[in-house]
4 protein chains.
Amino acid sequence: MSSATGTFETPGSRTWVFPGGHIPVESTGPEPEFTSRDELCLLNAGPEPAAVELTVLHEDREQVGPYPLRVEAGRVRHVRINDLIDPQAVPLGEPYGLVVRSDVPVVAQLTRLDTRRGGLSTAVAPGYWA
Amino acid sequence: MSSATGTFETPGSRTWVFPGGHIPVESTGPEPEFTSRDELCLLNAGPEPAAVELTVLHEDREQVGPYPLRVEAGRVRHVRINDLIDPQAVPLGEPYGLVVRSDVPVVAQLTRLDTRRGGLSTAVAPGYWA
Amino acid sequence: MSSATGTFETPGSRTWVFPGGHIPVESTGPEPEFTSRDELCLLNAGPEPAAVELTVLHEDREQVGPYPLRVEAGRVRHVRINDLIDPQAVPLGEPYGLVVRSDVPVVAQLTRLDTRRGGLSTAVAPGYWA
Amino acid sequence: MSSATGTFETPGSRTWVFPGGHIPVESTGPEPEFTSRDELCLLNAGPEPAAVELTVLHEDREQVGPYPLRVEAGRVRHVRINDLIDPQAVPLGEPYGLVVRSDVPVVAQLTRLDTRRGGLSTAVAPGYWA
């Protein structure tokens, strides 16, 4: 094991699904650090950049996407769902879900931070991979 | 990858299991937003509606079900376990578990929100798929 | 799908592993409801009782076990690790891990509740299955 | 099942990936108990020591590693990412990710503790195994 990543197959999956998205409308504490949010965390352990596409699914309307994202080789990228605006912003205070597709294997996770009631509440949604 | 969902096999599983359910009896803060709860989050990425059946398992009594739920194609659905009443309400303040069966692949997650002690505590139970 | 459990293979695994156990020494709020704890949640969806054995692994001493547990058919069981005393109590305030073995498939999860700093903090560790 | 670990294949994986690392810069409450942190929890259920190597991936710079760790047979080890200094400290307040490689099967989890806003917030990231 002379290199931690050099000679191994790239770990990860091309499809990730997150059913439980919800971005609180309110926040307390200094922004942007304590803005209530869902944050998609992507890791690309491979030698090529990853072209990632998000699709956002809703309860009472058609799905929206793709939202394109790029993750460089050997890098992570943490993206606030609150900040996605193209093709359109994800509504706050409503249930949503994510389907994440990548052209190369990546690993994804959704980190939740909620400051609505003061203090801080965090949770991690690990995602389903297929 | 011209379409984010069009030409792929539907990701998900027909069976999901959650062993650690528990709905707190008390809440603080404005309802229904901050009502302590377990919330089942379902995502149907496929082209057909999903007919989902929940079975609720208890510690000291027979299992109860099925609780039928429908998730439209290309949609999510977030259901508070607290709100299920047919065939019967799930008791608060007691351990329970869920077995989720669907006729098409779905992805499920259990989101927990607890405001008993003031403030807010959140957690995500990702579920076992088979 | 006439029955939610009757004609399906029992979902679950015979081996579950939890590497991140830690029971806080202190608690705030009324006991036993708000006692800081790790709680092992087991679900047996099958038609036979499950004979479960826990082994507790430590950082600086030999592993301890088995701790026997029984989960009835079609039931859940939530067990506080704090309450295990035979063969010996699990030390508080120290890292530990769990290997869970069952003679039939079960689903396991570790729920954490921490009230050391006032308020309430919850987390769910979903476990590795093999 | 006369022994809980003796005659079974060792459960676990040689590769674990965590995409969502982030160590808060600030903490409240007594240290080191309430220092905000990410803690990597490793469990080695097998009969041989595990030689583990971490690689830390960043957003805007090259990956760093390997960070070597040893986990004795039949033991757990909980390591604060904050405490890793060789080959270099992991920057606080920045996104990072972890690729964990082991020469024998282990089980890994990342536990997060955040005291920035007073009180305590905990979360568990279960990791992707390959």
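The name an unreviewed UniProt entry assigns to chain A is Sensory rhodopsin transducer, from the organism Streptomyces calidiresistens.

Student: Looking at this structure, I do not really get the interface of chain A and chain D. What am I missing?
Tutor: By a frequent convention, interface size equals the accessible area lost on bringing the separate parts together. Facing the 38 residues of chain A at the interface are 36 residues of chain D. Taken over both partners, the interface formed by chain A and chain D buries close to 3,000 Å², and the fraction arising from carbon and sulfur atoms is 61%. Summed over the shared surface of chain A and chain D, the result is two salt bridges. Inspection of the region where chain A meets chain D yields nine residue pairs in polar contact (both at pLDDT 80 or more). Of the residues that constitute the side of chain A that touches chain D, the class distribution is 20 nonpolar, 14 polar and four charged.

Student: Explain the interface of chain B and chain C to me, please; I cannot follow it from the model alone.
Tutor: In this complex, chain B contributes 35 residues to the contact, which on the side of chain C involves 37 residues. Summed over both sides, the interface of chain B with chain C buries roughly 3,000 Å², with 61% coming from carbon and sulfur. Three residues, B:Arg101, B:Arg117 and B:Tyr128, lead the burial of chain B against chain C; their summed loss comes to 26% of the area buried on that side. Viewed at the interface, chain C and chain B are joined by two salt bridges.

Student: Please clarify how the pairing of strand β3 (residues 50-58) of chain C should be interpreted in this entry.
Tutor: Looking along a regular strand, one sees side chains alternate from face to face of the sheet. All names here are of chain C. Within β3, eight of the nine residues are buried, which leaves it mostly tucked inside the rest of the structure. Where β3 lies against strand β4 (residues 64-71), six bridges are found, and the strand directions are antiparallel. Bridge pairing in β4 places Glu53 opposite Pro68. Both β3 and strand β6 (residues 96-114) contribute to a ladder of seven bridges, which runs antiparallel. Its bridge partner lying in β6, Leu57 is registered against Gly97.

Student: Explanation requested: the packing of aromatic side chains in the structure shown.
Tutor: The geometry of an aromatic ring pair is captured by two quantities: the separation of the ring centres and the angle between the planes. As enumerated under the stated definition, the model contains 16 aromatic pairs over all chains in all. Between the aromatic rings of A:Tyr128 and B:Trp129, the centroid separation amounts to 4.6 Å while the plane-to-plane angle is 70°, which identifies the pairing as edge-to-face. In this pair, A:Tyr128 sits in strand β8 (residues 128-129) while B:Trp129 sits in strand β8 (residues 128-129), so the two residues belong to two different chains. Counting every residue linked through ring pairs, the aromatic cluster contains A:Trp16, A:Tyr128, A:Trp129, B:Trp16, B:Tyr128, B:Trp129, C:Trp16, C:Tyr128, C:Trp129, D:Trp16, D:Tyr128 and D:Trp129. Geometry around D:Phe34 places C:Arg117 over its ring, the cationic atom sitting 5.0 Å from the centre.

Student: Which parts of the structure should I look at to understand the relation of the copies chain B and chain C?
Tutor: The relation between the two copies of this chain is a rotation about an axis and a shift parallel to it. Mapping chain B onto chain C is achieved by rotating through 90° and translating by 0.0 Å along the same axis, at an RMSD of 0.0 Å. Such a turn and shift between the copies fits a four-fold axis. Taking C-alpha positions as reference, the residue of chain B nearest the rotation axis is B:Ala123, located at 3.6 Å. A share of only 17% of the interface residues of chain B reappears at the interface of chain C, consistent with the copies meeting through non-equivalent patches.

Reading guide: rules and limits
Residues numbered from 1 in each chain as written. Chains lettered and ligands numbered in written order. Predicted model: local features only at pLDDT ≥ 70, side-chain atom pairs only at ≥ 80, totals over all residues. Heavy atoms only, no water. Contact = heavy atoms within 4.5 Å. Buried area = accessible area lost by both parts, 1.4 Å probe. Salt bridge = Lys/Arg side-chain N within 4 Å of Asp/Glu carboxyl O. Polar contact = N/O pair within 3.5 Å; in protein donor to acceptor, adjacent residues only side chain to side chain. Nonpolar A, V, L, I, M, F, W, Y, C, P; charged D, E, K, R; others polar. Buried < 20%, exposed > 50% of the residue type's maximum accessible area, 1.4 Å probe, protein only. Helix = DSSP H or I, 4+ residues; strand = E, 2+ residues; numbered from the N terminus. Pairing = 2+ DSSP bridges. Phe/Tyr/Trp six-rings, centres within 6.5 Å; stacked < 30°, edge-to-face > 60°. Lys NZ or Arg CZ within 6 Å of the ring centre and 35° of its normal. Least-squares fit on C-alpha atoms with pLDDT ≥ 70 in both.

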